[in-house]
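One-letter residues, chain by chain:
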Amino acid sequence: MRHLDRQTLAHATAGVLAGVVGMSVAHLTAALLTPASSPALAVSTAVIDATPTPVKEWAVRELGSADKPILIGSVLLVTIVFAAVIGVVARRRLKLGVGLMAALVLLAGAAVVRQPLFEIANLVPTAVALVLGPAVLVLLTRALTAERTPPHRQEAPDEGAATRRSVLIGFGALALLSAAAATGGQLIVRGRTALADIMLPRVRDPLPALPAGLEETHQGISRFITRNRDFYRVDTKLAVPIVDQNSWSLTIDGDVDRELTFSYDDLRARENVEHDITLTCVSNEVGGKLVGAARWTGVPLEELLAEAGVGKDADQILSTDVEGFTISTPLEAAMDGRNAMVALGMNGEVLPRTHGFPARLVVPGLYGYVGATKWVTRLTLTRYDEATAYWTDRDWAIDAPIKLSSRIDTPRPLSNIPSGRTVIGGVAWAQHHGVATVDVRIDGGRWQPAELGPDAGIDYWRQWFLPWDAQPGSHQLAVRVTDRDGNVQSGERATPFPDGSSGIQEIVVTVTD
């Protein structure tokens, strides 16, 4: 029985190695061609598209930016399990095992074919996996069969030991090959996403530098300016699009007087503007971290639309990214005078690839799923009753103004802090309306006005803090914001779906002697 179990494990391992070698070398091939054509990433993307909205919401809420690595890891784990079963099957019926391995690869290839901008060349990584996976399975299965064949000569036991050593060496070499291919693929993708020798365009009216934030004096409060590397990222991309700015273009079409197309250099040559704008993901829970504030550089969206000539029938902008993903933006939000833009820069740097290089939409006051298309390449003026976008097809609200919200950054929920003089602090936003006041409530008492940090305009968040003489014991802290129109943050609890969360954040902390 022990010998049988060992042999079963060996063949299962052979199946896993065959699958992993095929996937990793295919991933390396995709990194050299089109990263999104990696079979593993294509399957993961298909899983995202097929996942029900409540499950997606749970993943974003609980996993944050780790949702993508965990999804890819889960797909790989399931693939490894299937590959192990295939390896065991191949022990008795090699042809069937090879057929199952090929079917597993072809299933991933079907996910590649279903991608919106599929090209025949995108099947090259799948073809690599289709050759390597079955080939490695045959090689290892035959080697294991030879290793357990009974000896017929006196000296055969030594030959058997040598065969076992060869099999183990082969297993190790294939494992190293897989690790090297997967690592190499990731390094190549990282290298291809790096941006160099691209300067920000000139700015029409440069803004003064933003003042120092409260984080300089009150530890724990979010930075006034969110650094690019810390800015939240929520999208459906498992591989960041690698776009050549020299061949990229932005087209404005649909219900316009004239269709216009702008190259990257065309947009850079215009007089760009700067605006300080906070962005928020609709999936952000009350007190959540899916919000960030930055200085954006780009071309006013209203100017581009005016040049194209807006028609009389359109009521939405259907924006499309370089991979065919669509977002629907109310046309009114681009034409009502707010600082909507096609952004080319972020915090004094060229727009990072992870945040939409070469260009993205930034529409203040709207949640990202209707106003912040990354990697944008087309703006089509149309009507809501004629065309729908990715998220509206999934029953998210069409009109999505960002709700008043505030967050306690310090002290942390459920934390233990020493008694004495301290501060309660955090950030609040009333995007496109401006923060007027922030109030804090301690242990259900009266609302107390907090002190506000620097002001960067109605589209930017405000930091706040309240000095507190913390006494030993358990305490409940709450915060709310009021905008400049007198609207007070709602206390009614609502989940992010379908138009953003609402409610008052309340946390509990323990003060110790």
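Above this text you will find the structure in question.
Residues numbered from 1 in each chain as written. Predicted model: local features only at pLDDT ≥ 70, side-chain atom pairs only at ≥ 80, totals over all residues. Heavy atoms only, no water.

Describing the packing of helix 2 (residues 39-50) against helix 5 (residues 94-113)
Here is step 1: Close contact between helix 2 and helix 5 brings their axes to 8 Å; oriented N to C, the two are set at 65 degrees. In terms of orientation, helix 2 and helix 5 fall into the roughly perpendicular class. Helix 2 and helix 5 meet at a crossing whose hand is left-handed. Residues Pro39, Ala42, Val43 and Ala46 of helix 2 touch helix 5, and the partners they reach there are Ala108, Ala111 and Val112. (Axes fitted to C-alpha atoms, helices over the stretch in contact; angles between N-to-C directions. Helix = DSSP H or I, 4+ residues; strand = E, 2+ residues; numbered from the N terminus. Parallel < 35°, antiparallel > 145°, perpendicular 65-115°, else oblique. Left-handed = near helix turned anticlockwise from the far one by under 90°. Contact = heavy atoms within 4.5 Å.)

What to know about the environment of Met335
Here is step 1: Relative to the helices and strands, Met335 is located in helix 10 (residues 331-335).
Here is step 2: According to the relative accessible area criterion, Met335 is partly exposed, its value standing at 32%.
Here is step 3: When the C-alpha atoms of Met335 and Ile221 are compared, they prove to be 35 Å apart, with 114 residues separating the residues in sequence.
Here is step 4: Ignoring anything within four residues of it in the chain, the contact list for Met335 reads Glu302, Leu305 and Val310. (Buried < 20%, exposed > 50% of the residue type's maximum accessible area, 1.4 Å probe, protein only.)

Points about the sheet that holds strand 2 (residues 260-263)
Here is step 1: The strand order across the open sheet built from five strands is 2-1-10-5-6, with neighbouring strands paired in mixed fashion. Each edge of the sheet is formed by a strand with only one pairing partner; in this case those strands are strand 2 and strand 6 (326-330). For this sheet, the mean angle separating the axes of adjacent strands, direction not counted, is 20 degrees.
Here is step 2: The pairing of strand 5 (residues 316-321) with strand 6 spans five bridges and is antiparallel. Bridge assignment links Leu318 to a residue of strand 6, and that residue is Ser328.
Here is step 3: Lying over the sheet, helix 9 (residues 301-308) contacts strand 1 (249-254), strand 2, strand 5 and strand 10 (376-382), oriented at roughly 135 degrees with respect to strand 2. (Pairing = 2+ DSSP bridges.)

A closer look at the pattern of salt bridges
Here is step 1: The full count for this structure, using the stated rule, is 22 salt bridges.
Here is step 2: Two residues, Arg383 and Asp315, come together in a salt bridge whose shortest N-O distance is 3.8 Å. One end of the pair, Arg383, is in the loop between strand 10 and strand 11 (405-410); the other, Asp315, is in the loop between helix 9 and strand 5, and 68 residues separate them in sequence.
Here is step 3: Classification of Asp315 as partly exposed rests on a relative accessible area of 27%.
Here is step 4: With a shortest N-O distance of 2.8 Å, Asp336 and Arg338 are connected by a salt bridge.
Here is step 5: Ionic contacts of the salt-bridge type, sharing partners, join the residues Arg204, Arg270, Glu271, Glu303 and Glu307 into one network. (Salt bridge = Lys/Arg side-chain N within 4 Å of Asp/Glu carboxyl O.)

Here we look at the sheet that holds strand 17 (residues 462-470)
Here is step 1: Taken in spatial order, the four strands line up as 11-13-17-16 in an open sheet, and their pairing is antiparallel. In this open sheet, the two edge strands, each paired with only one partner strand, are strand 11 and strand 16 (451-452).
Here is step 2: Bridge count between strand 16 and strand 17: two bridges; the pairing is antiparallel. The residue bridging Leu452 from the neighbouring strand is Trp464, located in strand 17.

Overview of the environment of Tyr384
Here is step 1: Within the secondary structure, Tyr384 is located in the loop between strand 10 and strand 11.
Here is step 2: Distance from Tyr384 to Ala110, taken between C-alpha atoms, is 31 Å for residues 274 residues apart in sequence.
Here is step 3: If sequence neighbours within four positions are ignored, Tyr384 has contacts with Asp315, Gln316, Ser328, Thr329, Pro330 and Ile398.

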